[in-house]
Amino acid sequence: MGHKGSAVARLVFSFALILPTLNTAYGDVSYSFPEEMKQGTVIGNIAKDIGLDVSRLSGRKARIDIEDDSKRYCDINLSKGDLVVADRIDREALCGKKASCVLKLELVLENPLELHRISLHIQDINDNTPLFKKDVIKMEIRESTDKGARFSLDEAHDADIGENAVKGYTLQRNDHFILNFDAKPGGRRYCELVLEKELDRENQQEINLVLTAVDGGSPQRSGTVVIHVTVLDANDNAPVFSQTLYKASLPENSPLDTVVITVSATDADEGVNGDVMYELDHVSENSNVFSLDQQTGEVRVNGQINYEEESSYEIRISAKDGLGLASYSTLMIDITDVNDNPPVIYLKSVTNSIPENVPRGTEVAIINVQDRDSENNGRARCSIQQNVPFKLVPSIKNYYSLVTTSELDREQVSDYNITITATDEGSPPLSSSKSVQLSVADVNDNPPVFEEQSYSAHVTENNKPGSTLCSVTARDPDWRQNGTVNYYLLPGEVNDALVSSYISVNGDTGVIHAVRSFDYEQFRSFKVHVMARDNGSPPLSSNVTVSVFITDINDNSPQILYPAPEGNSFMTELIPRAAHGGSIVSKVIAVDADSGQNAWLSYHIVKSTDPGLFTIGLHSGEIRAQRDISESDSMKQNLIVSVKDNGQTSLSTTCVMYLLISDNLAEVPELKDMSHDEPNSKLTSYLIIALVSVSTFFLTFIIVILGVRFCRRRKPRLLFDGAVAIPSAYLPPNYAEVDATGTLRSNYNYDAYLTTGSRTSDFKFVRSYNDNTLLADQTLRKTPTDFADVFGESEGSPEVGIFYM
C-alpha cells in the first residue's frame, strides 16, 4: 500500500424527523474523510454537532456501535466529545469497487435512552498500484499480418476508484507497434496493440515490449507488464465469439461446479490455427469465484456466491487460436437474492434494572433489526410475547423501542425474561430470537403490615423485670432495606408515668418485655402503641395497639379489721349468761386486697377454751353460741380465729377473741387472768401495783356507778376508758364491702357513750334489728381501778365490749 494521504474531515450535519411519541431523540450526522487515517485522528466533534453536553457523556454511558456489530473503526472521546479513528479504515476492504462507501455507526446514550445515527463517507485515496494479471503477456503474430491489425491486451486492475483508478497506458517506444485505447461500459479502459509496421520474421523473430498502466491519483502510481511477441508464419483468421456480450442469472448460494453459461468461439482456420482456447482476462478480487473450461468454454461456480457481498459480476473472456490470434467477449452475471439470512437482533441499549414506579410508556431498551437480504427477504417484523407489561414501538427504520405498558410491581414479579422475535417476509420466512433479562428495582411503596389488627398480652402480677409479655410481627414485602422492619414504642403514659418505664420492645424482633414488676392492686390493664417502620427512603410505618392485662395472684393475706390488731391494748367481749344457742355473740371482720377467688374469705376457729360452745360462720365471720350458755361454762373464753382466702396457695391471718360470760363485771375479779396467755414477764408485777393503787378508790367507784344506774333508765352500757372499741364501718382504702365475704353487715350498729365529770364508763347493750338478738337489762359498772391489775403496764385504757344481739 502506498502513502496514506491526510485530509481534514468535512461535516455534513442533518437531523431526521423525530417521532413525537418517543422520548429518544434520533438524528443523522454525516462525516466525510479519507481512508487510511492514523489511529486517534479526530473526525469531528460529535457532541458539538449534535448539541450534547460534553460533561454528561460519561454519565450517560455514551458509546459508538456498529450496525452489524463488526469491527470497531471509530470511538468517542468522552472528555472532549470528539469522534476519533480507532482502527485502520481501508475503503477497498470495506466497499470494494462501489462508487460510494458509507460506514454506518450509531451513537447511543442512556439516562434517558437516546440514539443518533452517524454516516461516515470514506473517501478513496490513491493507495493501490495498477496490476496486470500476468507478469508477461505472450503473443504470437504471423509476419503476414497486415499493417493496422489490432491485438487486444489484458487490462490492468486498480483497487482504487474514480480518479485513482487506471486512467491510461503507455507503450515502450518500438518500431512496429503503437497503443490504441478503447472505453467499455462501466468506465473501464481497454488497450489494443496496433501493428504500425509489418513484421519480418527473418529480421526479428521475437519482440519484447513494456506496457505501463498509470492511475489518475496524486501522486500517480503505475504498473508494468512485458509483452513478448513471437513472429510466426501467416495465420489468417482469429477466433470469433458467437456473442459479443453474454448475460446470465445465478441465484446466490449456488453449489460449486454449477454451470453458469457456455461461451463459444469459432476459428475459420484449420489445424492448429483453428484450435480455440478460452481464458478469463479480467483481473479482480473475485476472479476466483468462477472458473472457465479452456476447451469447452463452460463457466462454472468455483466459490461462494453471496448476493450480500456482490450482486453482479462482469467478466472478460478471450478466445485464442493455436498461433495466438485472439478475440474477446464480455460475460455479465446477475446474482439473484435468496432468503438465506435470518434477521439479526441487536440490543443497542438496555436498562437492565427498572424502578417499579416508572410511569407507563417508559423506554427501557432500543433494539435494531438487520437483515442482509434484499427487498421482501430483507423486510423484518419484530414482536414479543403477550404476557408481559411491555411492547415494541417502531421508530426510525429497523429500530424499535421497548416500552412499558402498565405499572410494574416488584412484589408480584421481580424479573422479566422478554423474548424478542424478528421474522422476515421471505419465502419461506426466516426468524431469529433474542432474550432480554430485565430486573425490577425495588421502591419503598409498601408500609409494614402487622399480622394481627391488635395484640393482647396477659401477665401475672409480681412478674420479674425483663420477662417477655408477647411478640408483635409486621411484614413488609419490599426488598432489602425497604423491607427491613424495626419496632418502636410510641410515647404515652400509664398511671401518669411514661409507658417506657413499664415495657420495652426489641427493635429487631418485636418482642415486648416488662421493665418493672406489675401490681394487680394498682392497675389491672393498660394499652400501648407499637410502631413498625421500614428503612426505606422515605420510611413507611404502621401502628398497632397492644393491650396488656395483669392477672391477679394470691399475694395479699387477709387483713382483720375487727377485732383490732393487738397493740398496747386488747378488747374483750362481754356475753350475758342468758345467751341462747344460735345467737350472735361477736363478729370477725376481714378484707383481702386481692380479687376474685383470691379474695373469697373463710373463717375457722382453730382453738377455743370450750370447743363445743361457739361456732363461726364460714363466710360471714359471725360468732354464735352453739348452745345455751350454762352456769358451768367457764367465764373466760378465748377463741383463736383463722381467716383464710381461697387462693391456689391459701394465705391466712389469725386473731384472738377474748369473751367474758357474765352479767356483771363484779363477777369477774380475775379479769386480769385473761391476759395471762400473753408472754409478758412483767405483767404480774404491774397488776399488783395497780391493785394496790386503786384499792383505796374501789368502793367509791362502785357507789358512783350504782348511783348513776338508778338515776337513768336501765340500759346496758359499755365500760370504756378512752375511745370507741368497735368500729362500725371502717374500711381501709382500696377495699370494697362484699356481702358474705367477711365484712360486717350494715344492719349491725354500735353506739358508745362516755360520761363526763367522772371516770366512770358505761357499757351500752345495743339492740339489734335482728330477731335473734338476745335481750338484757343489765348494766355492768366497774371503775378503771378494777382493770389496773388486769392490763398491767398497758399505756392505754382497756376496752371491754359486751355484745348483745
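Residues numbered from 1 in each chain as written. Predicted model: local features only at pLDDT ≥ 70, side-chain atom pairs only at ≥ 80, totals over all residues. Heavy atoms only, no water.

Undergrad: Would you mind showing me how to read the overall build of the protein here?
TA: Scanning the protein from terminus to terminus reveals four helices and 53 strands. Each of the 805 residues in the protein was classed as buried or not, and the buried ones make up 48%. Sequence separation of at least 24 residues holds for 70% of the intrachain contacts in the protein that already meet a minimum separation of 6. (Helix = DSSP H or I, 4+ residues; strand = E, 2+ residues; numbered from the N terminus. Buried < 20%, exposed > 50% of the residue type's maximum accessible area, 1.4 Å probe, protein only. Contact = heavy atoms within 4.5 Å.)

Undergrad: What's the story with the environment of L489 in this structure? I'm lost.
TA: By secondary structure assignment, the location of L489 is in strand β37 (residues 485-489). Residue class for L489 comes out partly exposed when judged on its relative accessible area of 23%. Separated by 10 residues in sequence, L489 and V499 have C-alpha atoms that sit 8.4 Å apart. Excluding residues within four positions of it along the chain, L489 makes contact with V499, S500, I503, V505, V528, H529 and V530.

Undergrad: Would you take a moment to explain the sheet that holds strand β30 (residues 399-404) for this structure?
TA: Adjacent strands of a sheet pair through backbone hydrogen bonds, lying either parallel or antiparallel. Judged by pairing direction, the sheet is antiparallel, and its four strands sit side by side in the order β25-β27-β30-β29 without closing on themselves. Since the sheet does not close on itself, it has two edges, and those belong to β25 (344-350) and β29 (390-394), each with one partner. The average undirected angle you get between the axes of adjacent strands in this sheet is 30 degrees. Relative to strand β27 (residues 363-370), β25 is paired through six bridges, and the arrangement is antiparallel. If you follow V350 over to β27, its bridge partner there is A365. (Pairing = 2+ DSSP bridges. Axes fitted to C-alpha atoms, helices over the stretch in contact; angles between N-to-C directions.)

Undergrad: Help me understand the packing of aromatic side chains, please; the structure alone is not making it clear to me.
TA: Each aromatic ring pair is characterised by the separation of its centres together with the angle its planes make. Applying the stated criterion across every chain yields a total of 12 aromatic pairs. An angle of 80 degrees between the planes, with centres 5.5 Å apart, marks the rings of Y502 and F523 as edge-to-face. Separated by 21 residues along the polypeptide, Y502 in the loop between β39 (497-498) and β40 (503-505) and F523 in the loop between β41 (511-514) and β42 (525-534) bring together distant segments of the chain. Here Y502 matches F523 in class, with each residue buried. The structure contains a cluster of three or more aromatic residues connected by ring pairs, namely Y502, F518, F523 and F526. Over the aromatic face of Y328 sits the side chain of R316, whose NZ or CZ is 3.9 Å from the ring centroid. Taking the ring centre of Y502 as reference, the NZ or CZ of R516 above it sits at 4.1 Å. (Phe/Tyr/Trp six-rings, centres within 6.5 Å; stacked < 30°, edge-to-face > 60°. Lys NZ or Arg CZ within 6 Å of the ring centre and 35° of its normal.)

Undergrad: How do you make sense of the state of the cysteines when you look at a structure like this?
TA: Simply put, the disulfide is a covalent bond whose two ends are the sulfur atoms of two cysteines. Applying the stated criterion across every chain, the model contains one disulfide. Through a disulfide, C95 is tied to C101; the S-S separation comes to 1.9 Å. In this structure the cystine formed by C95 and C101 twists about its S-S bond by roughly 70 degrees; its chirality is therefore right-handed. Given the relative accessible area of 13%, C95 is considered buried. (Disulfide = S-S within 2.5 Å.)

Undergrad: It is not clear to me how the environment of G426 should be interpreted in this structure. Could you clarify?
TA: Structurally, G426 can be placed in the loop between β31 (415-424) and β32 (431-441). Distance from G426 to E375, taken between C-alpha atoms, is 8.8 Å for residues 51 residues apart in sequence. Excluding its chain neighbours within four sequence positions, the residues that come into contact with G426 are N339, N376 and N377.

Undergrad: Before we go on, may I ask you to explain the confidence of the model for the protein in this structure?
TA: The share of residues in the protein with pLDDT of 70 or more is 79%, and the mean pLDDT across the chain is 79. Low confidence marks residues 715-805, where pLDDT is under 50. Its contacts with residues over four positions away, or in another chain, come to 241 contacts. (pLDDT = per-residue confidence, 0-100.)

Undergrad: Teacher, can you tell me more about the sheet that holds strand β22 (residues 298-301) here?
TA: Spatial strand order, β18-β22-β21: three strands in an open sheet with antiparallel pairing. Two strands close off the open sheet at either side, each with one partner strand: β18 (259-262) and β21 (290-292). Across the sheet, the mean angle from the axis of one strand to that of its neighbour is 20 degrees, orientation sign disregarded. Judged from the three bridges that link them, β21 and β22 form a sheet pairing that is antiparallel. Within β22, the residue paired with L292 across the bridge is V299.

Undergrad: Where do I start with unusual backbone geometry in this structure?
TA: Comment: phi is negative for the bulk of residues other than glycine, and the bulk of peptide bonds are trans. A cis amide bond, omega -5 degrees, links S537 with the succeeding residue P538. The omega angle of the peptide bond from Y562 to P563 is 0 degrees, so this bond is cis rather than trans. Take P563: it is sitting in the loop between β44 (559-562) and β45 (571-575). Backbone geometry places N253, a non-glycine residue, at a positive phi of 65 degrees. Along the chain, the position of N253 falls in the loop between β17 (245-251) and β18. Taking the relative accessible area as the measure of exposure, N253 reaches 32% and is therefore partly exposed.

Undergrad: What's the story with the nonpolar core in this structure? I'm lost.
TA: Within the largest apolar cluster, 29 residues are counted, with the highest numbers of intra-cluster contacts made by L469, Y487, I503, I512, F518, F526 and V546. If we ignore the near neighbours within four places in the chain, the residues touching F518 are V459, E461, N462, N463, L469, Y502, I503, F523, F526 and I550. (Core = buried A, V, L, I, M, F, W, Y, C linked by side-chain atoms within 4.5 Å.)

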